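One-letter residues, chain by chain:
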Amino acid sequence: MGTGGCPESKTVVPDPCCSPGSGCGCWDLRPLDILSEAVPAVGLARGMRVFQVQGVRGFQLSSSRPRALGFPASRLFIHCDRFPEEFSIIVTLRALRGPAKRNEYIFTLMVEESPSVLVTLGARPRCSKQEKAQFWFNASRRGLYLCNGSTWVSMLEVHHRLDYVEEYQNLVTNSETMGIEVFTIPKVGLFAAVANRITPPGSAIYRWTDGKFVHYQNIPTHQAQSWKYFTIGKKIFLAVANFEQNERGQEFSVIYKWSRRKAKFITYQRITTHSARDWEAFVIEGEAFLAVVNHREGNNHNIDSVIYRWNPRTGLFETNQTIPTSGAYDWEFFTIGPYSFLAVANTFNGTSTKIYSHIYIWLSGSFQLFQSILTFGAADWEVFHIGDRVFLAVANSHSYDSGMPAPSNFYAINSSIYELNITAQMFVKFQDLLTYSALDWEFFSVGDDSFLVVANSFDGFTFSVNSIIYRWQGYEGFVAAHHLPTVGCRDWEAFHTPEGSYLFYSSAREPLSKVLKLKTT
(Lines give C-alpha, C1' and ligand atoms only; values in the text may rest on other atoms or scores of the structure.)
Protein backbone atom coordinates (compact mmCIF):
# COMPACT_ATOMS: atom_id res chain seq x y z
CA MET A 1 0.00 0.00 0.00
CA GLY A 2 3.05 2.27 0.26
CA THR A 3 2.70 3.25 -3.41
CA GLY A 4 -1.00 3.86 -3.20
CA GLY A 5 -1.66 0.59 -5.04
CA CYS A 6 -4.02 -2.25 -4.13
CA PRO A 7 -2.77 -5.71 -5.12
CA GLU A 8 -5.37 -7.77 -6.90
CA SER A 9 -6.56 -10.68 -4.75
CA LYS A 10 -9.05 -13.50 -4.93
CA THR A 11 -11.53 -13.56 -2.04
CA VAL A 12 -13.64 -16.58 -1.26
CA VAL A 13 -17.20 -15.69 -0.23
CA PRO A 14 -19.93 -18.21 0.64
CA ASP A 15 -23.50 -17.13 -0.12
CA PRO A 16 -25.08 -16.65 3.34
CA CYS A 17 -28.60 -16.93 1.97
CA CYS A 18 -28.30 -20.66 1.42
CA SER A 19 -28.07 -23.38 4.00
CA PRO A 20 -26.37 -26.80 3.83
CA GLY A 21 -28.54 -29.36 2.15
CA SER A 22 -30.59 -26.83 0.23
CA GLY A 23 -29.41 -28.27 -3.05
CA CYS A 24 -28.44 -24.92 -4.48
CA GLY A 25 -24.74 -25.69 -4.28
CA CYS A 26 -23.90 -22.28 -2.89
CA TRP A 27 -21.91 -23.71 -0.01
CA ASP A 28 -19.23 -24.69 -2.50
CA LEU A 29 -16.99 -21.68 -1.83
CA ARG A 30 -17.01 -19.39 -4.84
CA PRO A 31 -13.86 -17.35 -5.62
CA LEU A 32 -14.58 -13.68 -6.12
CA ASP A 33 -12.22 -11.05 -7.48
CA ILE A 34 -13.54 -7.99 -5.67
CA LEU A 35 -11.39 -5.52 -7.60
CA SER A 36 -12.58 -6.96 -10.91
CA GLU A 37 -16.15 -6.44 -9.77
CA ALA A 38 -15.45 -2.86 -8.68
CA VAL A 39 -13.37 -1.72 -11.65
CA PRO A 40 -15.24 -1.07 -14.95
CA ALA A 41 -14.85 -3.88 -17.46
CA VAL A 42 -14.22 -1.46 -20.30
CA GLY A 43 -11.63 1.18 -19.50
CA LEU A 44 -10.35 2.33 -16.14
CA ALA A 45 -11.89 5.05 -14.06
CA ARG A 46 -10.16 8.40 -14.19
CA GLY A 47 -7.09 8.49 -11.97
CA MET A 48 -6.52 4.71 -12.07
CA ARG A 49 -3.91 2.58 -13.81
CA VAL A 50 -2.88 -1.07 -13.82
CA PHE A 51 0.54 -1.96 -12.45
CA GLN A 52 2.40 -5.16 -11.67
CA VAL A 53 5.05 -5.80 -9.00
CA GLN A 54 6.77 -9.15 -8.44
CA GLY A 55 4.11 -10.96 -10.42
CA VAL A 56 1.22 -9.38 -8.55
CA ARG A 57 -1.19 -7.34 -10.66
CA GLY A 58 -3.11 -4.50 -9.06
CA PHE A 59 -4.55 -1.05 -9.50
CA GLN A 60 -3.01 2.24 -8.50
CA LEU A 61 -4.94 5.36 -7.60
CA SER A 62 -2.93 8.23 -9.02
CA SER A 63 -5.37 10.94 -7.99
CA SER A 64 -4.52 12.97 -4.90
CA ARG A 65 -8.20 12.94 -3.94
CA PRO A 66 -9.76 9.88 -2.28
CA ARG A 67 -11.91 7.83 -4.67
CA ALA A 68 -14.60 5.27 -4.05
CA LEU A 69 -15.23 2.08 -6.01
CA GLY A 70 -18.48 0.21 -5.67
CA PHE A 71 -20.54 -2.61 -7.09
CA PRO A 72 -24.00 -4.09 -6.40
CA ALA A 73 -24.16 -6.46 -3.44
CA SER A 74 -26.22 -8.86 -5.58
CA ARG A 75 -22.99 -9.92 -7.30
CA LEU A 76 -21.86 -11.40 -4.00
CA PHE A 77 -25.16 -12.77 -2.78
CA ILE A 78 -26.67 -14.26 -5.89
CA HIS A 79 -29.32 -16.23 -4.00
CA CYS A 80 -30.48 -13.33 -1.80
CA ASP A 81 -33.68 -11.40 -2.32
CA ARG A 82 -32.67 -9.08 0.52
CA PHE A 83 -29.31 -7.83 1.68
CA PRO A 84 -28.16 -9.95 4.68
CA GLU A 85 -28.06 -8.28 8.09
CA GLU A 86 -24.51 -9.45 8.73
CA PHE A 87 -21.76 -11.07 6.70
CA SER A 88 -17.98 -11.31 6.65
CA ILE A 89 -15.43 -10.89 3.89
CA ILE A 90 -11.85 -11.94 4.47
CA VAL A 91 -9.36 -10.00 2.37
CA THR A 92 -5.58 -10.33 2.32
CA LEU A 93 -3.70 -7.09 1.59
CA ARG A 94 -0.04 -7.28 0.69
CA ALA A 95 1.98 -4.21 1.66
CA LEU A 96 4.79 -3.51 -0.80
CA ARG A 97 8.18 -2.81 0.73
CA GLY A 98 10.00 0.34 -0.21
CA PRO A 99 10.27 4.01 0.68
CA ALA A 100 7.05 5.84 1.36
CA LYS A 101 5.91 8.30 -1.26
CA ARG A 102 5.27 11.94 -0.46
CA ASN A 103 1.54 11.65 -1.07
CA GLU A 104 -0.60 9.12 0.76
CA TYR A 105 -3.61 7.82 -1.10
CA ILE A 106 -6.86 6.65 0.41
CA PHE A 107 -8.50 3.60 -1.17
CA THR A 108 -12.15 2.98 -0.39
CA LEU A 109 -13.78 -0.28 -1.39
CA MET A 110 -17.52 -0.14 -0.88
CA VAL A 111 -20.16 -2.81 -1.22
CA GLU A 112 -23.44 -1.04 -1.81
CA GLU A 113 -25.71 -0.88 1.26
CA SER A 114 -22.76 -1.77 3.55
CA PRO A 115 -20.26 0.33 5.55
CA SER A 116 -17.12 1.44 3.70
CA VAL A 117 -13.49 0.92 4.69
CA LEU A 118 -10.93 3.70 4.38
CA VAL A 119 -7.30 2.65 4.08
CA THR A 120 -4.50 5.14 4.75
CA LEU A 121 -0.82 5.01 5.60
CA GLY A 122 -1.34 6.97 8.81
CA ALA A 123 -3.24 10.10 7.78
CA ARG A 124 -6.35 10.38 9.94
CA PRO A 125 -9.55 10.77 7.89
CA ARG A 126 -12.43 12.94 9.02
CA CYS A 127 -14.94 11.35 11.41
CA SER A 128 -18.29 13.15 11.58
CA LYS A 129 -21.97 12.26 11.34
CA GLN A 130 -21.51 11.74 7.60
CA GLU A 131 -18.84 9.09 8.22
CA LYS A 132 -20.66 7.34 11.08
CA ALA A 133 -20.39 3.51 10.93
CA GLN A 134 -17.48 3.79 8.48
CA PHE A 135 -14.35 1.73 9.08
CA TRP A 136 -10.78 3.02 8.77
CA PHE A 137 -7.76 0.78 8.40
CA ASN A 138 -4.52 2.53 9.41
CA ALA A 139 -1.90 0.61 7.46
CA SER A 140 1.06 2.20 9.28
CA ARG A 141 -0.24 1.07 12.70
CA ARG A 142 -2.13 -1.92 11.34
CA GLY A 143 -5.18 -0.80 13.30
CA LEU A 144 -8.88 -0.99 12.45
CA TYR A 145 -11.14 1.83 13.68
CA LEU A 146 -14.86 2.58 13.55
CA CYS A 147 -16.28 6.09 13.32
CA ASN A 148 -18.95 6.65 16.00
CA GLY A 149 -19.98 9.98 14.54
CA SER A 150 -17.32 12.10 16.24
CA THR A 151 -14.17 10.03 16.97
CA TRP A 152 -12.44 6.93 15.66
CA VAL A 153 -12.85 4.00 18.06
CA SER A 154 -10.21 1.26 17.96
CA MET A 155 -11.64 -2.12 16.93
CA LEU A 156 -8.45 -4.04 16.24
CA GLU A 157 -4.82 -3.04 16.46
CA VAL A 158 -1.58 -4.92 16.11
CA HIS A 159 0.31 -4.79 19.38
CA HIS A 160 3.39 -2.61 19.45
CA ARG A 161 6.40 -2.44 21.72
CA LEU A 162 7.69 0.73 23.36
CA ASP A 163 10.96 1.77 21.70
CA TYR A 164 11.68 5.23 23.11
CA VAL A 165 10.03 8.42 24.38
CA GLU A 166 10.23 11.77 22.59
CA GLU A 167 9.24 15.29 23.59
CA TYR A 168 6.00 16.15 21.80
CA GLN A 169 4.52 19.36 23.28
CA ASN A 170 5.68 22.00 25.75
CA LEU A 171 2.57 23.37 27.41
CA VAL A 172 3.02 26.76 29.07
CA THR A 173 0.60 26.85 32.02
CA ASN A 174 -0.92 29.66 34.10
CA SER A 175 1.48 28.78 36.93
CA GLU A 176 3.09 25.72 38.48
CA THR A 177 0.89 22.66 38.02
CA MET A 178 0.08 20.35 40.93
CA GLY A 179 -2.05 17.82 39.08
CA ILE A 180 -3.48 16.79 35.70
CA GLU A 181 -6.72 15.06 34.74
CA VAL A 182 -7.15 13.83 31.15
CA PHE A 183 -10.69 12.91 30.13
CA THR A 184 -13.00 12.53 27.15
CA ILE A 185 -16.42 14.16 26.85
CA PRO A 186 -18.49 12.00 24.47
CA LYS A 187 -19.15 13.65 21.11
CA VAL A 188 -17.07 16.66 22.17
CA GLY A 189 -13.46 15.57 22.45
CA LEU A 190 -10.39 14.93 24.59
CA PHE A 191 -9.56 17.40 27.38
CA ALA A 192 -6.95 17.98 30.07
CA ALA A 193 -7.66 19.89 33.29
CA VAL A 194 -4.55 21.20 35.04
CA ALA A 195 -4.52 22.27 38.70
CA ASN A 196 -2.49 25.48 38.89
CA ARG A 197 -0.96 26.86 42.09
CA ILE A 198 -1.50 30.61 41.78
CA THR A 199 -5.04 31.91 42.33
CA PRO A 200 -5.34 34.50 39.54
CA PRO A 201 -6.07 33.53 36.81
CA GLY A 202 -6.64 30.09 38.38
CA SER A 203 -6.55 26.76 36.60
CA ALA A 204 -7.06 25.92 32.96
CA ILE A 205 -8.74 23.32 30.79
CA TYR A 206 -7.19 22.38 27.46
CA ARG A 207 -8.75 20.64 24.49
CA TRP A 208 -6.93 18.26 22.16
CA THR A 209 -7.09 20.01 18.79
CA ASP A 210 -5.18 18.99 15.65
CA GLY A 211 -2.87 16.78 17.67
CA LYS A 212 -2.05 19.28 20.45
CA PHE A 213 -3.55 20.59 23.69
CA VAL A 214 -5.02 24.08 23.12
CA HIS A 215 -6.34 26.39 25.86
CA TYR A 216 -10.12 26.04 26.18
CA GLN A 217 -11.36 27.47 29.50
CA ASN A 218 -10.07 29.17 32.67
CA ILE A 219 -11.63 28.36 36.05
CA PRO A 220 -10.94 30.38 39.23
CA THR A 221 -9.22 28.13 41.79
CA HIS A 222 -7.27 28.65 45.02
CA GLN A 223 -3.95 26.80 44.98
CA ALA A 224 -5.64 23.89 43.24
CA GLN A 225 -4.11 20.48 43.91
CA SER A 226 -6.02 18.12 41.63
CA TRP A 227 -9.06 17.59 39.41
CA LYS A 228 -11.44 14.63 39.16
CA TYR A 229 -13.69 13.93 36.16
CA PHE A 230 -16.76 11.73 36.64
CA THR A 231 -20.26 11.17 35.32
CA ILE A 232 -23.62 10.38 36.91
CA GLY A 233 -26.06 9.20 34.29
CA LYS A 234 -25.87 11.78 31.52
CA LYS A 235 -24.48 14.46 33.83
CA ILE A 236 -20.77 15.30 33.44
CA PHE A 237 -18.82 16.72 36.39
CA LEU A 238 -15.34 18.01 37.19
CA ALA A 239 -14.31 18.51 40.85
CA VAL A 240 -11.34 20.61 41.98
CA ALA A 241 -9.50 20.22 45.30
CA ASN A 242 -8.63 23.73 46.55
CA PHE A 243 -5.84 23.98 49.13
CA GLU A 244 -6.35 27.59 50.22
CA GLN A 245 -9.17 29.93 51.22
CA ASN A 246 -10.78 32.23 48.70
CA GLU A 247 -10.59 36.03 48.84
CA ARG A 248 -13.47 36.08 51.36
CA GLY A 249 -11.71 33.75 53.78
CA GLN A 250 -13.95 30.81 52.83
CA GLU A 251 -12.45 27.40 52.17
CA PHE A 252 -14.36 25.51 49.49
CA SER A 253 -13.64 22.89 46.94
CA VAL A 254 -15.96 23.06 43.97
CA ILE A 255 -17.83 20.66 41.69
CA TYR A 256 -18.40 21.94 38.16
CA LYS A 257 -20.96 20.60 35.69
CA TRP A 258 -20.57 20.48 31.93
CA SER A 259 -23.11 22.72 30.20
CA ARG A 260 -23.96 21.29 26.80
CA ARG A 261 -25.56 24.58 25.80
CA LYS A 262 -22.58 26.74 26.75
CA ALA A 263 -20.02 24.02 25.95
CA LYS A 264 -18.08 24.74 29.13
CA PHE A 265 -17.95 23.83 32.82
CA ILE A 266 -20.06 25.93 35.21
CA THR A 267 -20.21 25.97 39.03
CA TYR A 268 -22.57 23.31 40.41
CA GLN A 269 -21.86 22.67 44.14
CA ARG A 270 -19.44 24.05 46.74
CA ILE A 271 -18.24 21.78 49.54
CA THR A 272 -16.37 22.89 52.66
CA THR A 273 -12.92 21.26 52.76
CA HIS A 274 -9.69 21.68 54.71
CA SER A 275 -6.54 22.05 52.58
CA ALA A 276 -8.01 19.51 50.16
CA ARG A 277 -5.51 17.44 48.20
CA ASP A 278 -7.55 15.00 46.15
CA TRP A 279 -11.01 13.84 45.05
CA GLU A 280 -11.98 10.27 44.20
CA ALA A 281 -15.26 9.34 42.48
CA PHE A 282 -16.72 5.84 42.44
CA VAL A 283 -19.92 3.82 42.24
CA ILE A 284 -20.96 1.05 44.65
CA GLU A 285 -24.13 -0.99 44.10
CA GLY A 286 -25.45 1.61 41.69
CA GLU A 287 -24.89 4.57 44.04
CA ALA A 288 -22.44 7.38 43.25
CA PHE A 289 -19.90 8.58 45.82
CA LEU A 290 -17.28 11.32 45.99
CA ALA A 291 -14.46 11.23 48.57
CA VAL A 292 -12.26 14.21 49.48
CA VAL A 293 -8.85 14.10 51.14
CA ASN A 294 -8.53 16.81 53.81
CA HIS A 295 -4.80 17.40 54.43
CA ARG A 296 -4.88 19.62 57.52
CA GLU A 297 -6.89 22.23 59.38
CA GLY A 298 -4.54 24.98 60.54
CA ASN A 299 -1.55 23.12 62.00
CA ASN A 300 -3.56 20.02 62.83
CA HIS A 301 -2.90 17.22 60.35
CA ASN A 302 -4.99 14.60 62.18
CA ILE A 303 -8.45 15.40 60.88
CA ASP A 304 -11.34 13.66 59.12
CA SER A 305 -11.57 13.16 55.41
CA VAL A 306 -15.10 12.82 54.08
CA ILE A 307 -17.06 10.51 51.77
CA TYR A 308 -20.13 12.05 50.13
CA ARG A 309 -23.07 10.19 48.61
CA TRP A 310 -25.06 11.49 45.65
CA ASN A 311 -28.70 12.20 46.49
CA PRO A 312 -30.66 11.76 43.23
CA ARG A 313 -33.68 13.54 44.76
CA THR A 314 -31.85 16.78 45.58
CA GLY A 315 -29.19 16.39 42.90
CA LEU A 316 -26.46 17.13 45.46
CA PHE A 317 -23.67 15.31 47.28
CA GLU A 318 -24.33 14.79 51.00
CA THR A 319 -22.02 13.60 53.79
CA ASN A 320 -22.14 9.81 54.11
CA GLN A 321 -19.08 8.86 56.20
CA THR A 322 -16.01 10.42 57.78
CA ILE A 323 -12.64 8.63 58.09
CA PRO A 324 -9.75 9.82 60.32
CA THR A 325 -6.64 10.65 58.24
CA SER A 326 -3.21 12.14 58.92
CA GLY A 327 -1.98 14.80 56.54
CA ALA A 328 -3.52 12.71 53.77
CA TYR A 329 -2.65 13.22 50.09
CA ASP A 330 -4.61 10.70 48.04
CA TRP A 331 -7.61 8.37 47.83
CA GLU A 332 -7.54 5.32 45.52
CA PHE A 333 -10.72 3.33 44.86
CA PHE A 334 -10.64 -0.13 43.31
CA THR A 335 -12.66 -3.31 43.09
CA ILE A 336 -11.65 -6.96 43.31
CA GLY A 337 -14.44 -9.27 42.29
CA PRO A 338 -17.57 -8.19 44.20
CA TYR A 339 -15.59 -6.24 46.81
CA SER A 340 -14.94 -2.48 46.83
CA PHE A 341 -11.87 -0.93 48.45
CA LEU A 342 -10.66 2.59 49.26
CA ALA A 343 -7.00 3.24 50.12
CA VAL A 344 -5.77 6.46 51.74
CA ALA A 345 -2.19 7.76 51.54
CA ASN A 346 -1.39 9.25 54.97
CA THR A 347 1.60 11.59 54.79
CA PHE A 348 2.32 13.30 58.11
CA ASN A 349 0.85 13.11 61.64
CA GLY A 350 2.50 16.28 62.95
CA THR A 351 5.73 14.65 64.13
CA SER A 352 6.58 11.90 61.64
CA THR A 353 6.08 10.74 58.08
CA LYS A 354 6.68 7.13 59.17
CA ILE A 355 3.02 6.30 59.71
CA TYR A 356 0.43 3.79 58.59
CA SER A 357 -1.66 4.27 55.51
CA HIS A 358 -4.89 2.31 55.42
CA ILE A 359 -6.99 0.23 53.05
CA TYR A 360 -10.73 0.11 53.71
CA ILE A 361 -13.31 -2.39 52.46
CA TRP A 362 -17.00 -1.68 51.86
CA LEU A 363 -19.12 -3.85 54.16
CA SER A 364 -22.73 -3.39 55.27
CA GLY A 365 -23.08 0.10 53.82
CA SER A 366 -19.82 1.70 54.98
CA PHE A 367 -16.05 1.46 54.68
CA GLN A 368 -14.31 -0.58 57.37
CA LEU A 369 -10.58 -1.07 57.99
CA PHE A 370 -9.14 -3.92 55.92
CA GLN A 371 -5.35 -3.49 56.20
CA SER A 372 -2.73 -1.03 57.43
CA ILE A 373 0.62 -0.58 55.64
CA LEU A 374 3.61 1.35 57.00
CA THR A 375 4.50 4.20 54.64
CA PHE A 376 6.91 7.14 54.59
CA GLY A 377 5.24 10.39 53.61
CA ALA A 378 2.88 8.51 51.27
CA ALA A 379 1.68 10.77 48.46
CA ASP A 380 -0.09 8.37 46.09
CA TRP A 381 -1.56 4.90 45.70
CA GLU A 382 -1.86 3.29 42.27
CA VAL A 383 -3.75 0.04 41.76
CA PHE A 384 -3.23 -2.02 38.61
CA HIS A 385 -3.76 -5.48 37.19
CA ILE A 386 -1.36 -7.67 35.24
CA GLY A 387 -3.21 -10.74 34.07
CA ASP A 388 -5.04 -12.12 37.09
CA ARG A 389 -2.65 -10.47 39.54
CA VAL A 390 -3.60 -7.34 41.50
CA PHE A 391 -0.93 -4.84 42.59
CA LEU A 392 -0.94 -1.69 44.70
CA ALA A 393 2.00 0.76 44.46
CA VAL A 394 2.71 3.49 47.01
CA ALA A 395 4.77 6.62 46.30
CA ASN A 396 6.80 7.46 49.42
CA SER A 397 7.88 11.11 49.41
CA HIS A 398 10.26 11.49 52.36
CA SER A 399 11.37 10.05 55.67
CA TYR A 400 11.16 12.36 58.66
CA ASP A 401 10.71 11.73 62.38
CA SER A 402 11.19 14.54 64.91
CA GLY A 403 12.26 12.03 67.55
CA MET A 404 14.86 10.22 65.48
CA PRO A 405 18.32 11.20 64.12
CA ALA A 406 18.09 12.75 60.67
CA PRO A 407 18.90 10.35 57.81
CA SER A 408 21.64 11.20 55.32
CA ASN A 409 18.93 11.95 52.76
CA PHE A 410 15.28 12.49 53.64
CA TYR A 411 14.17 12.07 50.04
CA ALA A 412 16.09 9.09 48.61
CA ILE A 413 13.74 6.41 49.81
CA ASN A 414 12.15 3.19 48.62
CA SER A 415 8.65 3.26 47.23
CA SER A 416 6.96 -0.12 47.35
CA ILE A 417 4.73 -2.34 45.24
CA TYR A 418 2.37 -4.73 47.02
CA GLU A 419 0.54 -7.71 45.55
CA LEU A 420 -2.76 -9.15 46.71
CA ASN A 421 -2.31 -12.59 48.26
CA ILE A 422 -5.66 -14.30 47.83
CA THR A 423 -4.89 -17.02 50.38
CA ALA A 424 -3.80 -14.59 53.09
CA GLN A 425 -6.48 -12.07 52.03
CA MET A 426 -4.04 -9.18 52.29
CA PHE A 427 -1.52 -7.20 50.27
CA VAL A 428 2.07 -8.36 50.73
CA LYS A 429 5.22 -6.54 49.63
CA PHE A 430 6.32 -7.55 46.15
CA GLN A 431 9.13 -5.10 45.29
CA ASP A 432 10.96 -2.00 46.52
CA LEU A 433 12.14 0.66 44.06
CA LEU A 434 14.48 3.53 44.99
CA THR A 435 12.73 6.84 44.35
CA TYR A 436 13.44 10.51 45.06
CA SER A 437 10.57 12.21 46.87
CA ALA A 438 8.10 10.26 44.75
CA LEU A 439 4.72 11.96 44.41
CA ASP A 440 2.88 9.86 41.85
CA TRP A 441 2.74 6.49 40.09
CA GLU A 442 1.03 5.96 36.73
CA PHE A 443 0.42 2.52 35.23
CA PHE A 444 0.03 2.12 31.46
CA SER A 445 0.34 -0.50 28.75
CA VAL A 446 1.82 -0.56 25.27
CA GLY A 447 0.77 -3.63 23.33
CA ASP A 448 1.25 -6.62 25.62
CA ASP A 449 3.79 -4.81 27.82
CA SER A 450 3.01 -3.18 31.17
CA PHE A 451 4.77 -0.13 32.61
CA LEU A 452 4.93 2.06 35.70
CA VAL A 453 6.22 5.63 35.58
CA VAL A 454 7.18 7.40 38.80
CA ALA A 455 7.14 11.15 39.47
CA ASN A 456 10.50 11.82 41.15
CA SER A 457 10.36 15.42 42.41
CA PHE A 458 13.47 16.15 44.54
CA ASP A 459 16.67 14.29 45.40
CA GLY A 460 17.69 16.44 48.36
CA PHE A 461 19.78 18.79 46.24
CA THR A 462 17.86 19.67 43.07
CA PHE A 463 14.38 19.45 41.56
CA SER A 464 15.92 18.49 38.20
CA VAL A 465 15.83 14.73 38.58
CA ASN A 466 14.98 11.88 36.27
CA SER A 467 11.58 10.30 36.53
CA ILE A 468 11.73 6.67 35.47
CA ILE A 469 9.60 4.31 33.39
CA TYR A 470 9.77 0.75 34.70
CA ARG A 471 8.91 -2.18 32.44
CA TRP A 472 7.21 -5.31 33.79
CA GLN A 473 9.64 -8.19 33.35
CA GLY A 474 7.66 -11.02 34.94
CA TYR A 475 9.80 -12.90 37.45
CA GLU A 476 12.19 -9.94 37.66
CA GLY A 477 9.36 -7.57 38.57
CA PHE A 478 9.64 -3.99 37.35
CA VAL A 479 12.97 -3.01 35.75
CA ALA A 480 14.05 0.55 34.89
CA ALA A 481 13.71 1.06 31.13
CA HIS A 482 13.66 4.80 30.41
CA HIS A 483 15.02 7.79 32.36
CA LEU A 484 13.05 10.98 31.68
CA PRO A 485 14.45 14.40 32.66
CA THR A 486 11.82 16.25 34.72
CA VAL A 487 11.72 19.36 36.95
CA GLY A 488 9.78 19.03 40.19
CA CYS A 489 7.57 16.37 38.64
CA ARG A 490 4.24 16.20 40.45
CA ASP A 491 1.85 14.11 38.36
CA TRP A 492 1.76 11.75 35.36
CA GLU A 493 -1.18 10.98 33.09
CA ALA A 494 -1.15 8.41 30.28
CA PHE A 495 -3.59 8.83 27.39
CA HIS A 496 -4.21 7.54 23.89
CA THR A 497 -5.49 8.98 20.63
CA PRO A 498 -5.80 7.39 17.18
CA GLU A 499 -2.41 8.98 16.38
CA GLY A 500 -0.60 7.26 19.25
CA SER A 501 0.06 6.96 22.98
CA TYR A 502 1.32 9.75 25.22
CA LEU A 503 2.51 10.65 28.71
CA PHE A 504 1.68 14.03 30.21
CA TYR A 505 3.63 15.31 33.20
CA SER A 506 3.13 18.37 35.40
CA SER A 507 5.82 20.44 37.08
CA ALA A 508 5.23 21.87 40.55
CA ARG A 509 8.33 24.08 40.17
CA GLU A 510 7.83 25.87 36.86
CA PRO A 511 4.86 26.96 34.69
CA LEU A 512 5.65 24.37 32.04
CA SER A 513 4.21 20.90 31.59
CA LYS A 514 5.20 18.45 28.88
CA VAL A 515 3.47 15.95 26.63
CA LEU A 516 5.73 13.06 25.64
CA LYS A 517 4.96 10.66 22.82
CA LEU A 518 5.62 6.94 23.12
CA LYS A 519 7.40 5.75 19.98
CA THR A 520 6.74 2.12 19.21
CA THR A 521 8.01 -0.61 16.91
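- Under an unreviewed UniProt entry, the name given to the protein is Thrombospondin type laminin G domain and EAR repeats, and the organism recorded is Cyanoderma ruficeps.

So, the overall build of the protein
Argument step 1. Check the secondary structure of the protein and you find 1 helix and 39 strands.
Argument step 2. Within the protein, buried positions represent 51% of all 521 residues.
Argument step 3. Taking the contacts inside the protein whose residues are at least 6 apart along the sequence as the reference set, 43% of them involve residues at least 24 apart.
Argument step 4. A total accessible area of about 25,400 Å² is found for the protein, and carbon and sulfur atoms account for 50% of it.

Quick notes on the sheet that holds strand β28 (residues 366-376)
Argument step 1. Taken in spatial order, the 4 strands line up as β25-β26-β27-β28 in an open sheet, and their pairing is antiparallel. Because the sheet does not close on itself, it has two edges, and the strands there are β25 (330-336) and β28. Averaged over neighbouring strand pairs, the angle between their axes works out to 20° when direction is ignored.
Argument step 2. Here strand β27 (residues 354-363) pairs with β28 via 10 bridges, running antiparallel. Bridge pairing in β28 links Y360 to L369.

Notes on the pairing of strand β35 (residues 464-472)
Argument step 1. Most of β35 is tucked away: 7 of the 9 residues are buried.
Argument step 2. Two strands pair when backbone bridges link them, and strand β34 (residues 449-456) and β35 are joined in this way by 3 bridges, in the antiparallel orientation. From the neighbouring strand, V453 faces β35, where its bridge partner is I469.
Argument step 3. Linking β35 to strand β36 (residues 478-487), which pair antiparallel, is a turn of 5 residues; within it G474 sits at a positive phi near 65°.

Here we look at the side chain of N396
Argument step 1. With respect to the element layout, N396 can be found in strand β30 (residues 389-396).
Argument step 2. Only 3.0 Å separates the side chain of N396 from the backbone nitrogen of F376, close enough to count as a polar contact.
Argument step 3. A polar side-chain atom of N396 sits 3.0 Å from the main-chain carbonyl oxygen of N414.
Argument step 4. Setting aside anything within four residues of it in sequence, one finds N396 in contact with T375, F376, G377, A378, I413, N414, S415, S416, T435, S437 and A438.

With respect to the environment of D432
Argument step 1. As for its placement among the helices and strands, D432 is situated in strand β32 (residues 426-436).
Argument step 2. Judged by its relative accessible area of 34%, D432 falls in the partly exposed class.
Argument step 3. With near-sequence residues (within four places) excluded, D432 lies in contact with N414, S415 and S416.
Argument step 4. A polar atom in the side chain of D432 sits 2.6 Å from the side chain of S416.
Argument step 5. Polar side-chain contacts of D432 include one of 3.4 Å to the side chain of K429.

Definitions and cut-offs
Residues numbered from 1 in each chain as written. Predicted model: local features only at pLDDT ≥ 70, side-chain atom pairs only at ≥ 80, totals over all residues. Heavy atoms only, no water. Helix = DSSP H or I, 4+ residues; strand = E, 2+ residues; numbered from the N terminus. Buried < 20%, exposed > 50% of the residue type's maximum accessible area, 1.4 Å probe, protein only. Contact = heavy atoms within 4.5 Å. Areas by Shrake-Rupley, 256 points an atom, 1.4 Å probe, with all protein chains shown as cover. Pairing = 2+ DSSP bridges. Axes fitted to C-alpha atoms, helices over the stretch in contact; angles between N-to-C directions. Polar contact = N/O pair within 3.5 Å; in protein donor to acceptor, adjacent residues only side chain to side chain.

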